[in-house]
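Read off the chains here:
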Amino acid sequence: MKAKKIPFRMCVGCQTMKSKKELLRVVRTPDGEVILDPTGKKAGRGAYMCPYEQCLTKAFKEKRLEKALKHQIDEAVYNALRAGVTE
């Protein structure tokens, strides 16, 4: 029997490849809203990052999250994402 393939994604903060289950998905909805997607199934353009404060800070500081989502992100959205990050 063939082993099941595990999907990997790259964190936009630390640029490391991890399994999709380990990462959080940030999505830009078709309405233009940027939100945290805990299910990983919401419609829209997504970007993945580790559930750590330092990855979010680095992704925001270097505008990696904006480039991945192809959308500008406000400070208020950044603070809302920070609340959803565990550590």
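These remarks concern the structure in this document. None of the values given here were measured: they were computed from a predicted structure.

About the criteria used
Residues numbered from 1 in each chain as written. Predicted model: local features only at pLDDT ≥ 70, side-chain atom pairs only at ≥ 80, totals over all residues. Heavy atoms only, no water. Phe/Tyr/Trp six-rings, centres within 6.5 Å; stacked < 30°, edge-to-face > 60°. Helix = DSSP H or I, 4+ residues; strand = E, 2+ residues; numbered from the N terminus. Core = buried A, V, L, I, M, F, W, Y, C linked by side-chain atoms within 4.5 Å. Buried < 20%, exposed > 50% of the residue type's maximum accessible area, 1.4 Å probe, protein only. Contact = heavy atoms within 4.5 Å. Patch = residues over 30% accessible without salt bridge, like charges linked within 9 Å, V, L, I, M, F, W, Y side chains within 5 Å. Areas by Shrake-Rupley, 256 points an atom, 1.4 Å probe, with all protein chains shown as cover. Salt bridge = Lys/Arg side-chain N within 4 Å of Asp/Glu carboxyl O. Lys, Arg positive; Asp, Glu negative; His and termini not counted. Charge placed at Lys NZ, Arg CZ, Asp CG, Glu CD. Arc of directions from axis to C-beta. Pairing = 2+ DSSP bridges.

1. With respect to the packing of aromatic side chains
- Taken as a whole, this structure holds 1 aromatic pair when the rule is applied.
- Ring centres of F60 and Y78 lie 4.1 Å apart, and the angle between their planes is 20 degrees; on these two criteria the pair is classed as stacked. Highlighted residues: F60 in helix 1 (residues 53–61) and Y78 in helix 3 (residues 75–84), separated in sequence by 18 residues.

2. Description of the nonpolar core
- Counting residues in hydrophobic clusters, the biggest one holds 18 residues, and the most contacted among them are C11, V12, V26, M49, L56, L65 and L69.
- Looking at this core, the elements that each hand over two or more residues are strand 5 (45–49), helix 1, helix 2 (64–69) and helix 3.
- Discounting chain neighbours no more than four positions away, the residues touching C11 are T16, L23, Y48, M49, C50 and C55.

3. Examining a positive patch on the surface
- Taken together, the side chains of K5, R9, K20 and K41 make up a positively charged region of the molecular surface.
- For K5, the location among the structural elements is in the segment before strand 1 (8–10).

4. Thoughts on helix 1
- Every buried residue of helix 1 is accounted for by C55, L56 and A59. One face of helix 1 carries all of its buried residues, which in axial projection span an arc of 100 degrees. In helix 1, those exposed residues whose orientation departs by more than 90 degrees from the buried face are Q54 and K61.
- Taken from the residues just after helix 1, K63 is the one with a positive phi, measuring 60 degrees.

5. Structural notes on the pairing of strand 4 (residues 34–37)
- Pairing of strand 3 (residues 24–28) with strand 4 involves 4 bridges; the strand directions are antiparallel. Its bridge partner lying in strand 4, R28 is registered against V34.
- Connecting strand 3 to the next strand, strand 4, in antiparallel fashion are 5 residues, including G32 with a positive phi near 95 degrees.

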